[in-house]
Amino acid sequence: MEVIRTREELREATDRARMDRRGVGFVPTMGYLHEGHRSLLARAREEQDLVVMSLFVNPLQFAPSEDLGAYPRDFERDSVMAGEEGVDVLFAPSGSEMYPGGEPSVTVDPGPLGDVLEGASRPAHFAGVCTVVAKLFSIVGPCTAYFGEKDAQQLAVIRRMVVDLDIPASIVGCPTVREPDGLALSSRNVYLSGEERVAARSLSAGLREAAGLVEAGERDANVVRAVMARRIGAEQLAQVEYVAVVDEETFSEVPVLERASRALVAARFGKARLIDTMLLPVLS
Ligand code: AMP
């Protein structure tokens, strides 16, 4: 595995691969890898000739009040795991390599999809995500890029960005990897105390209850929301930020479950702000 620190060297590596008619797979990450990241890397390895993983904790997507400074980092461990998954190129730029002129004055507006849910809780978040991902796509060049469905709204915003801005990347969504008790893997799980870790199971439990209710025939989205809010709110250590049932395409809240809909939840457990999501069953 080659570790690359500069944009220029990465461009050269991916250009060379494409000249040799090798497919380029790209997995953007903020590091502190877990099985969720591994699943994306494994899929890219299976489908592509050259696998590039980026490791960059992007300051632009964190608000001043958020956990940029505390975000877990372990380059040695990450490079071992990336090597184990067959990554060919690990791109790990510094902040000044990614933003040589400091904070960029031209940024990507994520549009209305970026205003709701995560976008409402974290106002500049998706502009920061879109800006760094657009820059990474511009450096990597034409590729197939792998993203987790756990961050479903991010995946939807990125799919829309590549269409609207004609970015030559095909986007592949990959299923959420979970702990045996249902907790979605996240780099931020490391912030959880033992008790918070137990309480955090309520996120996936609430989503499963919601899906079960819909499977059993419930159509009123407010009933589904109430079930999730009750399940997560029953945990004393949980501070619920939102529970939502949205249209899978537009991410706007739906009153009735008619077409493909998605349940999403966000809550704080101590220092950890966690999100989770599940596609709800569609019954005819
Ligand atoms: P991050 O390092 O948190 O920015 O995540 C990098 C990529 O891994 C994103 O596409 C995430 O959606 C994806 N990811 C994070 N957690 C999981 C998970 N539990 N299962 C599958 N993909 C994940």
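Quick look at the structure, then. Remember, it's a predicted structure, so these values are computed and weren't measured experimentally.

Let's talk about the sheet that holds strand β7 (residues 238-247)
No. 1: Sheet architecture is open: 3 strands sit in the order β7-β8-β9, paired in antiparallel fashion. Each end of this open sheet is capped by a strand with a single partner; those strands are β7 and β9 (272-279). For this sheet, the mean inter-axis angle between neighbouring strands, taken without regard to orientation, is 15°.
No. 2: Where β7 lies against strand β8 (residues 261-269), 9 bridges are found, and the strand directions are antiparallel. Bridge pairing in β8 links alanine 238 to phenylalanine 269.
No. 3: Each of β8 and β9 touches helix α9 (residues 201-215); the most contacted strand, β9, lies at about 20° to it.

Side note on the environment of isoleucine 4
No. 1: One can find isoleucine 4 in strand β1 (residues 2-4).
No. 2: We classify isoleucine 4 as buried; its relative accessible area is 1%.
No. 3: Each C-alpha atom, one on isoleucine 4 and one on phenylalanine 91, is 4.8 Å from the other, the two residues being 87 residues apart in sequence.
No. 4: Sequence-distant contacts of isoleucine 4, that is, excluding residues within four places in its chain, are made with Glu9, Leu10, Ala13, Val89, Leu90, Phe91 and Ala92.

What to know about the packing of α9 against helix α10 (residues 221-233)
No. 1: Taken N-terminus to C-terminus, the directions of α9 and α10 make an angle of 150°; their axes are 8 Å apart at the nearest point. What the angle tells us is that α9 and α10 run roughly antiparallel. Between α9 and α10 lies a crossing of right-handed hand. Contact residues: α9 offers Ser202, Leu203, Ala205, Gly206, Leu207, Glu209, Ala210, Leu213 and Val214, while α10 offers Val223, Val224, Val227, Met228, Arg231 and Ile232.
No. 2: Here the contact of α9 with α10 is built from residues that sort into 11 nonpolar, 2 polar and 2 charged.

Rules used in this analysis
Residues numbered from 1 in each chain as written. Predicted model: local features only at pLDDT ≥ 70, side-chain atom pairs only at ≥ 80, totals over all residues. Heavy atoms only, no water. Pairing = 2+ DSSP bridges. Helix = DSSP H or I, 4+ residues; strand = E, 2+ residues; numbered from the N terminus. Axes fitted to C-alpha atoms, helices over the stretch in contact; angles between N-to-C directions. Contact = heavy atoms within 4.5 Å. Buried < 20%, exposed > 50% of the residue type's maximum accessible area, 1.4 Å probe, protein only. Parallel < 35°, antiparallel > 145°, perpendicular 65-115°, else oblique. Left-handed = near helix turned anticlockwise from the far one by under 90°. Nonpolar A, V, L, I, M, F, W, Y, C, P; charged D, E, K, R; others polar.

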